[in-house]
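# What the coordinates show
Here is how the chains run, residue by residue.
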Number of protein chains: 4
Amino acid sequence: MSDLRIGMIGYGFMARAHSNAYRKVANFFDLKRKPVLQAACGRDKKQLRAFAKKWGYAAMETDWRKLIERDDIDAVDICAPNNLHCEMALAAAKAGKMILCEKPLAMDVKEGKKMVDAVTKAKVRNMVWYNYRRVPAVTMAKQLIDEGKLGRIFHFRAKFLQDWTIASDLPQGGTALWRLDVKAAGSGVTGDLLAHCIDTARWLNGEVDQVSAMTETFIKKRKHTLTGKVQKVGIDDACAFLARFKNGSLSTFESTRYARGHKAQYVFEINGEHASIAWDPHDLHRLEFFDHRDEGKLRGWRSIHITDGDHPYMDKWWVPGLQIGYEHSFVHGVADFIQSLETRKSVQPDFKDALRTQAVCEAVLKSAKKGKWVKV
Amino acid sequence: MSDLRIGMIGYGFMARAHSNAYRKVANFFDLKRKPVLQAACGRDKKQLRAFAKKWGYAAMETDWRKLIERDDIDAVDICAPNNLHCEMALAAAKAGKMILCEKPLAMDVKEGKKMVDAVTKAKVRNMVWYNYRRVPAVTMAKQLIDEGKLGRIFHFRAKFLQDWTIASDLPQGGTALWRLDVKAAGSGVTGDLLAHCIDTARWLNGEVDQVSAMTETFIKKRKHTLTGKVQKVGIDDACAFLARFKNGSLSTFESTRYARGHKAQYVFEINGEHASIAWDPHDLHRLEFFDHRDEGKLRGWRSIHITDGDHPYMDKWWVPGLQIGYEHSFVHGVADFIQSLETRKSVQPDFKDALRTQAVCEAVLKSAKKGKWVKV
Amino acid sequence: MSDLRIGMIGYGFMARAHSNAYRKVANFFDLKRKPVLQAACGRDKKQLRAFAKKWGYAAMETDWRKLIERDDIDAVDICAPNNLHCEMALAAAKAGKMILCEKPLAMDVKEGKKMVDAVTKAKVRNMVWYNYRRVPAVTMAKQLIDEGKLGRIFHFRAKFLQDWTIASDLPQGGTALWRLDVKAAGSGVTGDLLAHCIDTARWLNGEVDQVSAMTETFIKKRKHTLTGKVQKVGIDDACAFLARFKNGSLSTFESTRYARGHKAQYVFEINGEHASIAWDPHDLHRLEFFDHRDEGKLRGWRSIHITDGDHPYMDKWWVPGLQIGYEHSFVHGVADFIQSLETRKSVQPDFKDALRTQAVCEAVLKSAKKGKWVKV
Amino acid sequence: MSDLRIGMIGYGFMARAHSNAYRKVANFFDLKRKPVLQAACGRDKKQLRAFAKKWGYAAMETDWRKLIERDDIDAVDICAPNNLHCEMALAAAKAGKMILCEKPLAMDVKEGKKMVDAVTKAKVRNMVWYNYRRVPAVTMAKQLIDEGKLGRIFHFRAKFLQDWTIASDLPQGGTALWRLDVKAAGSGVTGDLLAHCIDTARWLNGEVDQVSAMTETFIKKRKHTLTGKVQKVGIDDACAFLARFKNGSLSTFESTRYARGHKAQYVFEINGEHASIAWDPHDLHRLEFFDHRDEGKLRGWRSIHITDGDHPYMDKWWVPGLQIGYEHSFVHGVADFIQSLETRKSVQPDFKDALRTQAVCEAVLKSAKKGKWVKV
């Protein structure tokens, strides 16, 4: 088992989730390469030191360019704000490093294209961390669709609801709240939350043909964390859109950070000719399934507890009935990434695939701005 | 369609539920005889008049013996407190009237036996209103067991939880609160609530062999509604028991009026070799069903919405998806009673069957008193 | 208690639901006027006779004009297909009868306006049967909003999902399937199902400002029940739309008859500044409620069992914990209609109010056709 | 941060769960001592080697006595079958090692007492792995009770249902199935599953006064995994008991491995004067809570998603809305154990506390055997 030496850029929430995944994966999966937490990078020395110590990173860098240039790094993990993804990825590709980049891929399609070109040219392995694909219940949804259990698909609907920005005195910007700053994030819920929904939708239901969207910014001005100035809010607080998919199905998407009672309710439901599927990450270990081919009087939505050995990834964990959680989706991502290194096939979603999700996001924002249907 | 002239004794909650059932049944079921609300009987003239007017009873009596003797009555419905069931039923049988008696059958087995003897001797049709058997979801549970869907049964568990007597200043006795007065009710939750559980259990799972029980009276003294005197509380506030059924299955039963958050949570669950069933009257239009013979990875509890035309009784009501409620179980009781008049077969549970439920209740109370296992 | 003599046009599903409501209401509510099933009207004599007998209608008419002209009728109840509402209402208004009309009000806004003018001119009482407003859980949602429990409203979302038209060999038209025939129904799910959602939304959240919609007809051709000919399907099988309300809230609506597993899942959810509310008629006796003002660590969605005496309408029915069902919403409608007769205030929704719902439906269909946002 | 060097006995399911906890704890908690996986011990060399490699144990031993005697071990973790706990613990105490022992403490009270004496005499830190106490929802239940949110407690009920031994051809004994072999396990569901329920019950509701129990062995004979011989099954497949607690509350407990549809459904519910609490590990991140002191019409069971920073342990993990799983309860156990080392107070449950749980188990088995109530 050779090492896969990781260089981590960032020390926030996602950097913790990824570090945990790298550290755990070899205890549960049989892999040819074992991730090693080689070096961590961040601007604030004190925070960086605390992070590196906590996770056992051997080395530290405060300049991300130096991290990328290190000889003892095989793969760069980009957990910086969205506005840095492109520049970092271009440098990493140039340095011949594998890249694992947080979602969304980029600030816009233009940047995303550059990134795809860079990794293609450099022939470096690349992945975007759309982790929900690897929650076992979601992976099983994909299996059921591929097996034809649903038949023709009529409807796909998704919503991602949160409630953490309702307070009008919440500031924008800075390390903790860069997601509210349009310069760092590119957009609000569209890139942060709907991007997840779109990634899953495309995986399960194919490509989107056209969209009609609306967005809203409920709190128009917020103080900036760093400058203290009250500034216009540039992000979308909420976004909803209608979509027509290439397979003829109809779809609704919605996301907001103004839905009391929902911390991270990302629900999707698919209605097919024979069966329907629904999932909610608030109970991520369950898959709801309705099969019209069941005996008539006994038809009902089944709540499947996705904890058995015949469920995706679950033979690696505990015993039937025992839940895994959010963090495990990242472990699965690392496992799949490493296993893909032995094959010629890229792990999905790679940059190329994530660019298509970016294109849908861009079409959504454009539709909302123009007030009309937009082709993706 | 000839008339079935009803003489109703009582004007409380149950008298309303039964009157509603008599009035509605012919609008939904095709029957040879149509119930007619002929005469109502109760002690308080003012209340009786209001009740009779509300429901359209043609005549009134304040003496139940006179009601029973009326020539224009075909069937007597006993909705009086438990301590009057026996005497009234004996008189009604003697007068050759059909009898529909509220549950529980009697104060004890001794009384119950007299009642069975009386109706047997008089050859009058008789029924006890254990209405839960006729909630469509419960009727379907019976069908599934009879079809062998469950296979050998290992476990039956039931609980009936309420929370309406927790306040220590609630009085006992009188018209509204006779259920708290041991002289009128005979027992507390055992006869009022567990009797329902036992009736359903026997119907679904066969006869009980032996029980070990405990009871408790949490509030030891209460003021009496009529006398105003603070008196010892004679009823059981809570009762739980273990049971072994003749089919070898193990069982737990519990009932209380001290379970915050439960208004009328009568849940039962049955675990068989192949499948399990669960039901809760708080959502009485749903049956929970788990089938081990489903494809492995797709096994899950199904929540069956019992509102389709192929569900018991449901072809008589609305369209799929639309709920019926509590009152409809009584309508089904009347429909089945009337349909049984055309056959030689008694509708169930009749007095004879209800006597066996009474015997289990008596064994439970005896076991709790003696602190040991008791054979039924 | 004087009589309120009803003339019923129709003998289908809705005619049964209304007849049941008229027959029951006086057993549960204290009213000054008591509905009497005076005369029923329908084209098919045999079916009409069966219906009239079942419900005890004293007289029958096969020509609806004759029914309306009868002297012994106080109110006309229109349960005919949508394309007949306008003509019948105009005649009834002219004859000075009160009118209770099934929803949607009319085929389009043009017809609706004529109807409003007619009842205004004739000064006859009028109501449209949007029954979901009177499910106690929905009525309570309205109370909570009016009490300010939610504060500023950010989001309203609704969907009405069914699955009964997926089979491609299901015909269109005729008595049973007129809802699939565009000539009789005017539209598909928009008028049949979304109209309900829009009525409730307007009641709870105020008027709609603009919409962007899409519709789809999945099965393009169906055999006609009466002619046997395979014809183009003119109705919308599915419809989804984005809406902006005048209060600044964002909204999504969706309806389809192609969602496996949903018989009549009409879910709405409202997200306010302080609290959120959700309801699903598949469990119509429950209201889901989340209150951010609860103690932090104890915040959670409450499942309120709307069966207590302090819940709307519930003091009229049974005891806490015991469900009522779908049919009771119509009983409440009749009760409110009769009580309104003693006041100068029209019961809601009347024709005028229902016209605004019609206007939203029309804007939705126009938006879908044109592919752009439409002002209501 | 000094090391806490762990010597692990066993390489099965529990050894994995504990090893994972030792490895993760310092990434999430701030601790003075950091667990180090020093040496692992097991009889089968091949399996041991695979286990040690997977988890990074530095050394291996095939004789547990040698492991205990090693100088480089601070604490011994006993994950061997129940019949070895006592002997191992006595040796570890004698060697002055801290002891973390899997539950149940011992085969019986007699053994348990020896173990308590040994650790008391040797003054070594000790803990028993009743991990469910440290699921955040369960810890919060304890907090709520301690805060007086429930008031006087009337009822406690618990059940632990599984379905993995229904097949009659499942053998007993050996490494994987020692839980079915009475010689290795001591008892069936009583020691394996009810012990968990009793531990939690005692923690939340105080000591048990007396019990009345029944047990059953549905499959009477099974082939032994090692010998191949068909032998009598000595364990209890199912056990149910009534209990009276010293605080006057009534209780029912039930456990079985014959309940189709339940993989590990360990549900408990507590009914207090003011509020009720319920929990189910199938959704271990939720706590159900009903508060009678809520505004009347708004009372309902709240489903609290225990993933916020103000919920027990949750500030150490991710962000609100994101679930942790089963394994995290062990991480919390290690964290609490290590934090307790800095204090004079033993972490709970220690051997002494677990002995009381053992005493209840013994009373239960005795009651079932004798068929009468037994004082604990």
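Residues numbered from 1 in each chain as written. Chains lettered and ligands numbered in written order. Predicted model: local features only at pLDDT ≥ 70, side-chain atom pairs only at ≥ 80, totals over all residues. Heavy atoms only, no water.

So, on to a positive patch on the surface. Residues Lys366(A), Lys369(A), Lys370(A) and Lys372(A) make up a contiguous surface patch of positive charge. Mapped onto the secondary structure, Lys366(A) falls in helix α11 (residues 351-370). (Patch = residues over 30% accessible without salt bridge, like charges linked within 9 Å, V, L, I, M, F, W, Y side chains within 5 Å. Areas by Shrake-Rupley, 256 points an atom, 1.4 Å probe, with all protein chains shown as cover. Salt bridge = Lys/Arg side-chain N within 4 Å of Asp/Glu carboxyl O. Lys, Arg positive; Asp, Glu negative; His and termini not counted. Charge placed at Lys NZ, Arg CZ, Asp CG, Glu CD. Helix = DSSP H or I, 4+ residues; strand = E, 2+ residues; numbered from the N terminus.)

This part is about the nonpolar core. Membership of the largest hydrophobic core comes to 241 residues, with the highest contact counts inside it found for Phe253(B), Phe268(B), Phe253(C) and Phe268(C). Aside from chain neighbours lying at most four places away, what touches Phe268(B) is Val138(B), Ala141(B), Phe156(B), Arg157(B), Ala158(B), Thr200(B), Leu204(B), Ile277(B), Ala278(B) and Trp279(B). Cys239(A), Ala93(D), Met140(D) and Ile270(D) belong to the second-largest nonpolar core, a separate cluster that totals 240 residues. (Core = buried A, V, L, I, M, F, W, Y, C linked by side-chain atoms within 4.5 Å. Buried < 20%, exposed > 50% of the residue type's maximum accessible area, 1.4 Å probe, protein only. Contact = heavy atoms within 4.5 Å.)

Tallying each qualifying case throughout the model produces 136 salt bridges over all chains. Notably, a salt bridge pairs Arg65(D) with Glu87(D), separated by 2.5 Å at the nearest N-O pair. Of this pair, Arg65(D) sits in helix α3 (residues 64-69) while Glu87(D) sits in helix α4 (residues 82-94), and the two are 22 residues apart along the sequence. The network of salt bridges with shared partners includes Arg133(A), Asp199(A), Arg202(A), Glu207(A), Asp353(A) and Arg356(A).

Our focus in this paragraph is the packing of helix α1 (residues 13-28) of chain B against helix α1 (residues 13-28) of chain C. The interhelical angle for the contact between α1(B) and α1(C), taken along N-to-C directions, is 155 degrees, at an axis separation of 12 Å. Judged by the angle between their axes, α1(B) and α1(C) are roughly antiparallel. The way α1(B) lies across α1(C) gives a crossing that is right-handed. Contacts between α1(B) and α1(C) involve Arg16(B), Asn20(B), Arg23(B), Lys24(B), Asn27(B) and Phe28(B) from the former and Arg16(C), Asn20(C), Arg23(C), Lys24(C), Asn27(C) and Phe28(C) from the latter. Here the contact of α1(B) with α1(C) is built from residues that sort into 2 nonpolar, 4 polar and 6 charged. (Axes fitted to C-alpha atoms, helices over the stretch in contact; angles between N-to-C directions. Parallel < 35°, antiparallel > 145°, perpendicular 65-115°, else oblique. Left-handed = near helix turned anticlockwise from the far one by under 90°. Nonpolar A, V, L, I, M, F, W, Y, C, P; charged D, E, K, R; others polar.)

What follows concerns the relation of the copies chain B and chain C. Of the two same-sequence chains, chain B is brought onto chain C (RMSD 0.0 Å, axial shift 0.0 Å) by a rotation of 180 degrees. Interpreted geometrically, this transformation is the action of a two-fold axis. The rotation axis passes nearest to the C-alpha of Gly325(B) in chain B, at a distance of 2.4 Å. Of all interface residues in chain B, 100% are interface residues in chain C too; the two copies therefore contact each other through one and the same surface. (Least-squares fit on C-alpha atoms with pLDDT ≥ 70 in both.)

Time to look at the interface of chain A and chain C. Taken together, the contact pairs 42 residues of chain A with 42 residues of chain C. When chain A packs against chain C, the two sides together hide about 3,500 Å² of surface, and 58% of this comes from carbon and sulfur. Looking only at chain A, the three residues that lose the most surface to chain C are Met214(A), Phe218(A) and Arg260(A), adding up to 21% of its buried area. Measuring nitrogen to oxygen at the nearest pair gives 2.7 Å for the salt bridge that ties Arg157(A) to Glu254(C). Where chain A meets chain C, there are 21 residue pairs in polar contact (both at pLDDT 80 or more). At 6 residues, strand β11 (residues 238-245) of chain A tops the list of elements feeding residues into the side of chain A that touches chain C. (Buried area = accessible area lost by both parts, 1.4 Å probe. Polar contact = N/O pair within 3.5 Å; in protein donor to acceptor, adjacent residues only side chain to side chain.)

Turning our attention to empty space enclosed by the protein. All names here are of chain B. Following the criterion strictly, the structure yields 8 cavities of 30 Å³ or more and no others. What lines the largest cavity is Met127, Val128, Trp129, Tyr130, Asn131, Arg134, Ser329, Phe330 and Gly333. Among the elements of the structure, β6 (126-128) and α10 (328-341) are those that each provide at least two residues to the lining of the largest cavity. By residue class, the composition of the lining of the largest cavity is 5 nonpolar, 3 polar and 1 charged. (1 Å grid on protein atoms, 1.4 Å probe; cavity = no way out; pocket = protein on both sides within 12 Å on 5 of 7 lines; lining within 4 Å. Points joined across faces, edges and corners; volume = space filled by probe spheres on them.)

So, on to the layout of surface pockets. Volume-wise, the second largest pocket comes out at about 990 Å³. What lines the second largest pocket is a set of 35 residues, and nearest its centre among them are Arg23(A), Trp55(A), Arg23(D), Asn27(D) and Lys34(D). Sorting the residues of the lining of the second largest pocket by element identifies α1 (13-28), β2 (33-41) and α2 (45-55) of chain A together with α1 (13-28), β2 (33-41) and α2 (45-55) of chain D as the ones contributing at least two each. Considered class by class, the residues forming the lining of the second largest pocket number 21 nonpolar, 4 polar and 10 charged.

What follows deals with the sheet that holds strand β3 (residues 59-61) of chain B. All names here are of chain B. Spatial strand order, β3-β2-β1-β4-β5-β6: 6 strands in an open sheet with parallel pairing. Each edge of the open sheet carries a strand with a single partner, namely β3 and β6. Strand-to-strand twist of the sheet, defined as the mean angle between neighbouring strand axes without regard to direction, takes the value 25 degrees. As judged from the 8 bridges shared by strand β1 (residues 2-9) and strand β2 (residues 33-41), these two strands associate in the parallel manner. In the strand pairing of β2, Ile6 is matched with Leu37. Contacts from α10 reach β1, β2, β5 (98-101) and β6 within the one sheet, and its direction differs from that of β2 by about 115 degrees. (Pairing = 2+ DSSP bridges.)

In an α-helix there are 3.6 residues to a turn, and that puts residues three or four apart on one side. Of all the positions in α2(A), only Leu48(A), Phe51(A), Ala52(A) and Trp55(A) are classed as buried. In a view along the axis of α2(A), the buried residues occupy a sector of 95 degrees, so they form one face of it. Residues of α2(A) that are exposed and angled more than 90 degrees away from the buried face: Lys46(A) and Lys53(A). Along its buried surface, α2(A) packs onto β1 (2-9), α1, β2 and β3 (59-61) of chain A together with α1 of chain D. Its side-chain oxygen placed 3.1 Å from the backbone nitrogen of Lys46(A), Asp44(A) serves as the N-cap of α2(A). Gly56(A), located one to two residues past α2(A), shows a positive phi value of around 75 degrees. (Arc of directions from axis to C-beta.)

The next point concerns the relation of the copies chain A and chain C. Rotating chain A by 180 degrees and moving it 0.0 Å along the rotation axis overlays it on chain C with an RMSD of 0.0 Å. Both copies share a contact surface, since 100% of the interface residues of chain A are interface residues in chain C too.

Further remarks concern the pairing of strand β11 (residues 238-245) of chain D. Residues and elements named next belong to chain D. For β11, the tally of buried residues reaches 7 of 8 residues, placing the bulk of the element in the interior. Direction of pairing for strand β8 (residues 208-216) relative to β11: antiparallel, over a ladder of 8 bridges. Looking at β11, one finds that Glu216 is bridged to Ala238. Between β11 and strand β12 (residues 250-256), which pair antiparallel in sequence order, lie 4 residues; one of them, Gly248, sits at a positive phi of approximately 90 degrees.

All right, on to the sheet that holds strand β3 (residues 59-61) of chain C then. All names here are of chain C. Pairing in this open sheet of 6 strands is parallel, and the strands run β3-β2-β1-β4-β5-β6 from one edge to the other. Since the sheet does not close on itself, it has two edges, and those belong to β3 and β6 (126-128), each with one partner. With direction set aside, neighbouring strand axes in the sheet form an average angle of 25 degrees. Strand direction decides the pairing type here: strand β2 (residues 33-41) and β3, joined by 3 bridges, are parallel. Bridge pairing in β3 links Cys41 to Glu61. In the packing of helix α10 (residues 351-370) onto the sheet, contacts are made with β5 (98-101) and β6, and the angle to β6 comes to roughly 35 degrees.

In this section: the side chain of Glu216(A). Tracing the backbone through its elements, the reader meets Glu216(A) in strand β8 (residues 208-216). Look at Glu216(A) and you get buried, because its relative accessible area is 16%. Once residues lying within four places of it in the same chain are set aside, the contact partners of Glu216(A) are Asp236(A), Asp237(A), Ala238(A), Arg244(C) and Leu250(C).

All names here are of chain A. Most of β8 is tucked away: 7 of the 9 residues are buried. Bridging between β8 and strand β17 (residues 374-375) involves 2 bridges; their strand directions are antiparallel. Bridge assignment links Val211 to a residue of β17, and that residue is Val374.

How big an interface is tends to be expressed through the accessible area that disappears when the partners come together. Taken together, the contact pairs 39 residues of chain B with 39 residues of chain C. Here chain B and chain C share an interface that buries about 3,400 Å² over both sides, 47% of which is from carbon and sulfur atoms. For the pair chain B and chain C, the number of links is 8 salt bridges. Its salt-bridge partner being Lys54(B), residue Asp30(C) comes within 2.4 Å of it at the nearest N-O pair.

Per-residue confidence for chain A averages 96 on the pLDDT scale, and 100% of its residues sit at or above 70. In the predicted assembly, ipTM is 0.96 and pTM is 0.97. (pLDDT = per-residue confidence, 0-100.)

All right, on to helix α6 (residues 136-146) of chain C then. Among the 11 residues in α6(C), 8 count as buried, and that is most of the element. After α6(C) finishes, the residue Gly148(C) shows a positive phi value of roughly 85 degrees.

Let us look at the packing of aromatic side chains. All chains considered together, the criterion is met by 108 aromatic pairs over all chains. Judged by centre distance (5.5 Å) and plane angle (75 degrees), the rings of Phe28(A) and Trp318(A) are edge-to-face. Placement of Phe28(A) in helix α1 and of Trp318(A) in the loop between β16 (301-305) and α10 (328-340) is noted, with a sequence separation of 290 residues between them. Chaining the aromatic ring pairs together yields one cluster made of Phe13(A), Tyr22(A), Trp55(A), Trp129(A), Tyr326(A), Phe330(A), Phe28(D), Phe29(D), Trp317(D) and Trp318(D). (Phe/Tyr/Trp six-rings, centres within 6.5 Å; stacked < 30°, edge-to-face > 60°.)

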